Amino acid sequence: DPTKFWASYPIPSVSMQDPSFDPKAYWRGTSWVNVNYLLARGLLRYGCTEEARVLIERTLAMIARGRMREYFDPRNADGFRAKDLSWTAALTLELNAMLETLPPQTP
C-alpha cells in the first residue's frame, strides 16, 4: 500500500499510517539500506523486476542525498546516526551491480 510503505525514499520500517510512525526514530519509521537490499533481492527472485528496479533506484537516490548513514528519513532522505557506515557503502556497490544486471526498462 503506497500510503503505508511506498515513501519517496522507501521502505519505512513502520507504516507511515501507524500512530507510532516517527521518521527520525530508530526502527519507528526510518528507511534502512540493508532492509531495502534484501527486499530488492526478494523482488528479483520472484520476478518483480520493475518493482525491484524502482526500489533500487530510490534507495540509491536516498544514499546520494543522505550520504553513507545508518538509516534515513523516508520522506526526505535525511541521514541519521552512524556516518560513513560500512554496510551502506558495501550495499551501495551491491545495489549498483544489481541495477546493471537488470534487463532494459520497459516503456
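Residues numbered from 1 in each chain as written. Predicted model: local features only at pLDDT ≥ 70, side-chain atom pairs only at ≥ 80, totals over all residues. Heavy atoms only, no water.

Draft legend 1. Broad picture of the pattern of salt bridges. Within this structure, the stated rule accounts for 4 salt bridges. Two residues, Arg53 and Glu50, come together in a salt bridge whose shortest N-O distance is 3.3 Å. You can see Arg53 and its partner Glu50 sitting in helix 2 (residues 49-66), 3 residues apart, about one turn around the helix. Here Arg75 makes a salt bridge to Asp73, at a shortest N to O gap of 2.8 Å. When its relative accessible area of 0% is taken as the criterion, Asp73 is described as buried. (Salt bridge = Lys/Arg side-chain N within 4 Å of Asp/Glu carboxyl O. Helix = DSSP H or I, 4+ residues; strand = E, 2+ residues; numbered from the N terminus. Buried < 20%, exposed > 50% of the residue type's maximum accessible area, 1.4 Å probe, protein only.)

Draft legend 2. Focus on the nonpolar core. With 15 residues, the main nonpolar core has Val33, Ile56, Met62, Leu95 and Met98 as its most contacted residues. Within the residue set of this core, elements represented by two or more residues are helix 1 (33-45), helix 2 and helix 3 (86-101). When residues in this core are grouped by element, the largest group, 5 residues, is from helix 2. With near-sequence residues (within four places) excluded, Met98 lies in contact with Tyr37, Ala40, Arg41, Leu44 and Ile56. (Core = buried A, V, L, I, M, F, W, Y, C linked by side-chain atoms within 4.5 Å. Contact = heavy atoms within 4.5 Å.)

Draft legend 3. Up close: unusual backbone geometry. Residue Ile11 is reached from Pro10 by a cis peptide bond, and omega for that bond is 0 degrees. Mapped onto the fold, Ile11 is located in the segment before helix 1. Look at Arg67: it is not a glycine, yet its phi comes out positive at around 75 degrees. Looking at the element boundaries, Arg67 is found in the loop between helix 2 and strand 1 (71-72). Arg67 gets classed as exposed once you look at its relative accessible area, which sits at 57%.

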